[in-house]
Amino acid sequence: MPINLARIDDRLIHGQVITTWVKNHDIEQILIVNDKVANDTVQQSVISMSAPPELKVQVFGVQKFIDILKKTEIKRRTMLLFTNSVDVNALVENGLDINKLNVGGMRMHEGRKSLSRAVAVTPEEEQAFKSLISRNIAVEIQMVPKDTIVELKSLLD
């Protein structure tokens, strides 16, 4: 299964994703996994317009993607894109095989605590990160490829 990059970025597809991550990993398709986005046709429309035409972009709800993973092999060079660690953890618990998770941005909102300049988490998201780390998945904070990698586990209590 050619998942070349699994990334959390609550802004989803934007300039940094297209100009750096997609190019650096020679990505052919981005699969966004998020229930809210999967149920928002306006946001899906904006997302598809923000991607270059040669890049295939699809949006799935979490359970729908779990079902697809069980039946379908991913054959294209793929970036999985998430908005939060809870969704990633749900997929890993249901068979997604990744050894690294890139975290680009989870913005500060009420009810979140800041772990770094770019990453703020709810208690549930923090627990999901701990679960991923306990499965020996390297969780790395890195906004763009040239930035220094910060191991998320070094920022957790």
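Whatever comes next refers back to the structure up there.
Keep in mind that what you see is a predicted model, and the values were worked out from it rather than measured. (Residues numbered from 1 in each chain as written. Predicted model: local features only at pLDDT ≥ 70, side-chain atom pairs only at ≥ 80, totals over all residues. Heavy atoms only, no water.)

A short note on the sheet that holds strand E3 (residues 56–60)
Within a beta sheet, neighbouring strands are joined by backbone hydrogen bonds and run either parallel or antiparallel to one another. A sheet is described by the order of its strands in space; here seven strands give the open sequence E3-E2-E4-E1-E5-E8-E9, paired in mixed fashion. Two strands bound the open sheet, and with one partner strand each, they are E3 and strand E9 (150–151). Lying over the sheet, helix H4 (residues 62–71) contacts strand E2 (29–33), E3 and strand E4 (78–82), oriented at roughly 115 degrees with respect to E3. (Pairing = 2+ DSSP bridges. Helix = DSSP H or I, 4+ residues; strand = E, 2+ residues; numbered from the N terminus. Contact = heavy atoms within 4.5 Å. Axes fitted to C-alpha atoms, helices over the stretch in contact; angles between N-to-C directions.)

Description of the side chain of Asn 102
Secondary-structure assignment places Asn 102 in strand E5 (residues 100–105). At a separation of 2.4 Å, a polar atom in the side chain of Asn 102 contacts the side chain of Arg 7. Once you skip the residues sitting within four places of it in the chain, Asn 102 turns out to touch Leu 5, Ala 6, Arg 7, Ile 8, Trp 21, Glu 140 and Gln 142. (Polar contact = N/O pair within 3.5 Å; in protein donor to acceptor, adjacent residues only side chain to side chain.)

Quick notes on the packing of aromatic side chains
What the rule picks out here adds up to one aromatic pair. Note on Phe 60 and Phe 65: the rings are 5.5 Å apart at their centroids and 45 degrees apart in plane angle, and the pair reads as tilted. With a relative accessible area of 13%, Phe 60 lands in the buried category. What makes Phe 65 buried here is its relative accessible area of 1%. (Phe/Tyr/Trp six-rings, centres within 6.5 Å; stacked < 30°, edge-to-face > 60°. Buried < 20%, exposed > 50% of the residue type's maximum accessible area, 1.4 Å probe, protein only.)

Re the layout of surface pockets
Taken as a whole, the largest pocket encloses approximately 230 Å³ of empty space. Forming the boundary of the largest pocket are 16 residues, of which Asn 4, Leu 5, Ala 6, His 25 and Lys 100 lie nearest the centre. Listing elements by their share of the lining of the largest pocket, those giving two or more residues are strand E1 (3–9) and E5. It is E1 that contributes the most residues to the lining of the largest pocket, four residues altogether. Residue composition of the lining of the largest pocket, grouped by class: eight nonpolar, five polar and three charged. (1 Å grid on protein atoms, 1.4 Å probe; cavity = no way out; pocket = protein on both sides within 12 Å on 5 of 7 lines; lining within 4 Å. Points joined across faces, edges and corners; volume = space filled by probe spheres on them. Nonpolar A, V, L, I, M, F, W, Y, C, P; charged D, E, K, R; others polar.)

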